[in-house]
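# Examining the three-dimensional arrangement
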Amino acid sequence: MKRYVTMTAAIGLAMLAAGCGSKDSGHEAEGAKSIDEVKQEAAKLDRPKPGQYSQKIAVTGIDLPGMPKETVDQMKAMLAKEKVSEFCLTREQSDKGYRDMFESVDKDKECAYSRFTVDGGKLDAQMNCTAKDGGKAVMTLNGKVAEDSSDITVAMDMTGTAQAPRTDR
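Residues numbered from 1 in each chain as written. Predicted model: local features only at pLDDT ≥ 70, side-chain atom pairs only at ≥ 80, totals over all residues. Heavy atoms only, no water.

Let us look at the packing of aromatic side chains. Per the counting criterion, the structure on display carries 2 aromatic pairs. Measuring from ring centre to ring centre gives 5.2 Å for Tyr113 and Phe116, while their planes differ by 85°; the resulting arrangement is edge-to-face. For the pair formed by Tyr113 and Phe116, the shared burial category is buried. (Phe/Tyr/Trp six-rings, centres within 6.5 Å; stacked < 30°, edge-to-face > 60°. Buried < 20%, exposed > 50% of the residue type's maximum accessible area, 1.4 Å probe, protein only.)

Throughout the structure, instances matching the rule amount to 4 salt bridges. Residue Lys44 pairs with Glu41 through a salt bridge whose shortest N-O separation is 3.1 Å. With relative accessibility at 16%, the residue Glu41 sits in the buried group. For Glu147, the salt bridge identified is with Lys49, shortest N-O distance 3.3 Å. (Salt bridge = Lys/Arg side-chain N within 4 Å of Asp/Glu carboxyl O.)

Another aspect to go through is the environment of Leu79. Residue position: Leu79 is located in helix α3 (residues 69-79). The spatial distance from the C-alpha of Leu79 to the C-alpha of Val59 is 6.3 Å, given a sequence separation of 20 residues. Excluding residues that lie within four positions of it along the chain, Leu79 makes contacts with Val59 and Ile62. (Helix = DSSP H or I, 4+ residues; strand = E, 2+ residues; numbered from the N terminus. Contact = heavy atoms within 4.5 Å.)

A regular strand places its side chains so that they alternate between the two faces of the sheet. As paired elements, strand β6 (residues 136-145) and strand β7 (residues 150-159) share 10 bridges and run antiparallel to each other. Note on β7: the bridge partner recorded for Met139 is Met156. Hairpin geometry of β6 and β7 is characterised by an intervening segment of 4 residues between the two adjacent antiparallel strands. (Pairing = 2+ DSSP bridges.)

Topologically, Val118 is positioned in strand β4 (residues 111-119). When its relative accessible area of 7% is taken as the criterion, Val118 is described as buried. Those residues in contact with Val118, other than ones at most four positions away along the chain, are Glu41, Ala42, Lys44, Leu45 and Leu123.

Further remarks concern the sheet that holds β4. Here 4 strands make up an open sheet; going across it, the order is β4-β5-β6-β7 and the pairing antiparallel. In this open sheet, the two strands that pair with only one neighbour each are β4 and β7. Pairwise comparison of adjacent strand axes, ignoring direction, gives a mean angle of 10° for this sheet. (Axes fitted to C-alpha atoms, helices over the stretch in contact; angles between N-to-C directions.)

Buried residues of helix α2 (residues 35-42): Ile35, Val38, Glu41 and Ala42, and no others. Looking straight down α2, one finds its buried side chains confined to an arc of 125°; they lie on one side. Pointing more than 90 degrees away from the buried face of α2 are the exposed residues Asp36 and Gln40. (Arc of directions from axis to C-beta.)

Geometric descriptors of this kind do not, in isolation, establish any biological role.
Dropping the structure here:
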């Protein structure tokens, strides 16, 4: 069976975890790559072949400075189990390649790539996200993408926390 880790899932997970949603996150900052530049670079990646794939997601480390040890241990226990899912990639999806994964990134302007390069199937990218509460996430993607498999390491560094709703009113 082929193994294919989708970058779309990783990006979607990162945006969800970062609490992205601000439409005014200031991504017009110097050095930000336009979505067109990212799409041109992504076009260098081999298109995935249609077929049955499995996707494996494993959390390999968690560091939560300032959090109580019990909380960190609970989070590690929750995320320790490797998640494996199966999916079928259709010919239509394969023909699109990776271009659709960028539409949602640009849509609400909450995230932007500061780096996205492809060289011989090797991907090196960094995405910066800003949440409504001022929290930020920097996600790096590094790995190899081929037509029948991919192996991408995603690292995320998040700062700030979501504000809990007040219950004392």
